[in-house]
Amino acid sequence: FKGGELKQAILEFKPLLKNQPPGSDQAQRLTILIGMAHYGLGEYVAAAPYLKQAAARDAQNLPLRLALAHSCLWAKQYQCVLDTYHEILTLNADSAEAAMLAGEALDEMKDTPGAIQQFRAAVKANPKEPDAHYGLGYLLWIQKQYPEAMSEFQAELDNNPNHVQAMLYLADTEIQIRQIENAGPLLEKVVKLNPKLALGHLDLGIVLAQAGRKQDALREMKEAARLAPDDVNVHWRL
């Protein structure tokens, strides 16, 4: 397990667990190790039952519950995320990470207002939490609440000046509200930092077309079409 050979570790741990008295300290330790080994392998559906069982036996273990919430989210077990979130609140009422996980689960459950509320709670709990402002900004962007979305994207960039997604959506929001001249420098930086973002090339193409640089715009939009061949908006712009 410590050497990173997680599949082999699971094969060693599972027979040992069967031989331990239920509820013993050693059974608890093995349950956690098996769950975290599956977690480390990205096998979140397999990890969740072990982590859930271990968390039930240790009412005060916050890191274990955060790992469980992540596993449930990535296993698309969204009610499990929300249940674990409420358990986390009893241990740390101001856990920004837990609030974000609950927000992501609610977003997947198509409860956008609930997701926004959770991301607001995350930002309030810890304004420096990585991705908290971006997550809130993105949800506001989806709802076309552009001025507040811009504030959140900028807040994320204040925390992390190289946050490419915050940079991209801040620029896109400026295009949406017709402040196109402000978007160009951001988009130039976006496509350099991550040339695989179709929206970055599309938006840069829009900016270049607005500036009369039609051939440069064409180049960027063709790249957007190559990266996102099914995006109707890309082809319409092109």
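Everything numeric here is computed off the predicted structure, so don't read it as measured data. Per chain, residues are indexed from 1 in the order of the written sequence. A pLDDT threshold of at least 70 governs which residues receive local features in this predicted model, and a stricter bar of 80 or more applies before side-chain atom pairs are shown or counted, although totals over entire chains, interfaces and linings include all residues. The basis for every side-chain value is the complete set of heavy atoms in the structure, and neither hydrogens nor water enter the calculation.

Draft legend 1. Representation of the overall build of the chain within the structure. Secondary structure assignment for the chain yields 14 helices and 0 strands. Secondary structure elements follow DSSP: runs of H or I of four or more residues count as helices, runs of E of two or more count as strands, with numbering from the N terminus. Its helices and strands taken in sequence order, the chain reads α-α-α-α-α-α-α-α-α-α-α-α-α-α from the N to the C terminus. Against the globule reference of 18 Å for 238 residues, the chain gives a C-alpha radius of gyration of 22 Å, more extended than a compact globule. Projected onto its principal axes, the C-alpha coordinates of the chain cover approximately 75 × 35 × 30 Å. The size measure is the radius of gyration over C-alpha atoms, and the globule rule it meets is 2.2 Å times the number of residues to the 0.38 power.

Draft legend 2. Structural context of the packing of aromatic side chains. Each Phe, Tyr or Trp ring (for Trp, its six-membered ring) is paired with any other whose centre lies within 6.5 Å, and the angle between the two planes then decides the class: stacked below 30 degrees, edge-to-face above 60, tilted in between. One pass over the full model with this rule turns up 11 aromatic pairs. Seen from their ring centres, Tyr-138 and Tyr-169 are 5.3 Å apart, and the 80° between their planes marks the pair as edge-to-face. Of this pair, Tyr-138 sits in helix 8 (residues 132–142) while Tyr-169 is found in helix 10 (residues 164–176), placing the two residues 31 residues apart along the sequence. Classification of residues uses two cut-offs on accessible area relative to the type maximum, computed with a 1.4 Å probe and protein chains only: under 20% is buried, over 50% is exposed, and between them is partly exposed. Tyr-138 gets classed as partly exposed once you look at its relative accessible area, which sits at 28%. Connected via pairs of aromatic rings, a cluster forms that spans Tyr-134, Tyr-138, Trp-141, Phe-153 and Tyr-169.

Draft legend 3. Inspection of the environment of Leu-91 at higher detail. Its location among the elements puts Leu-91 in helix 5 (residues 78–91). A relative accessible area of 25% places Leu-91 in the partly exposed class. Spatially, the C-alpha atom of Leu-91 lies 8.3 Å from that of Asn-61, the residues being 30 residues apart in sequence. Not counting residues within four places of it along the chain, the set of residues in contact with Leu-91 comprises Ala-59, Gln-60, Asn-61, Leu-62 and Arg-65. Contacts are residue-level and defined by heavy atoms, with any inter-residue pair within 4.5 Å sufficient.

Draft legend 4. Quick look at the state of the cysteines. In what follows, a disulfide is any cysteine sulfur pair within 2.5 Å. Per the stated rule, a full pass over the model turns up 1 disulfide. Bridging Cys-72 to Cys-80, the disulfide has an S-S length of 2.0 Å.

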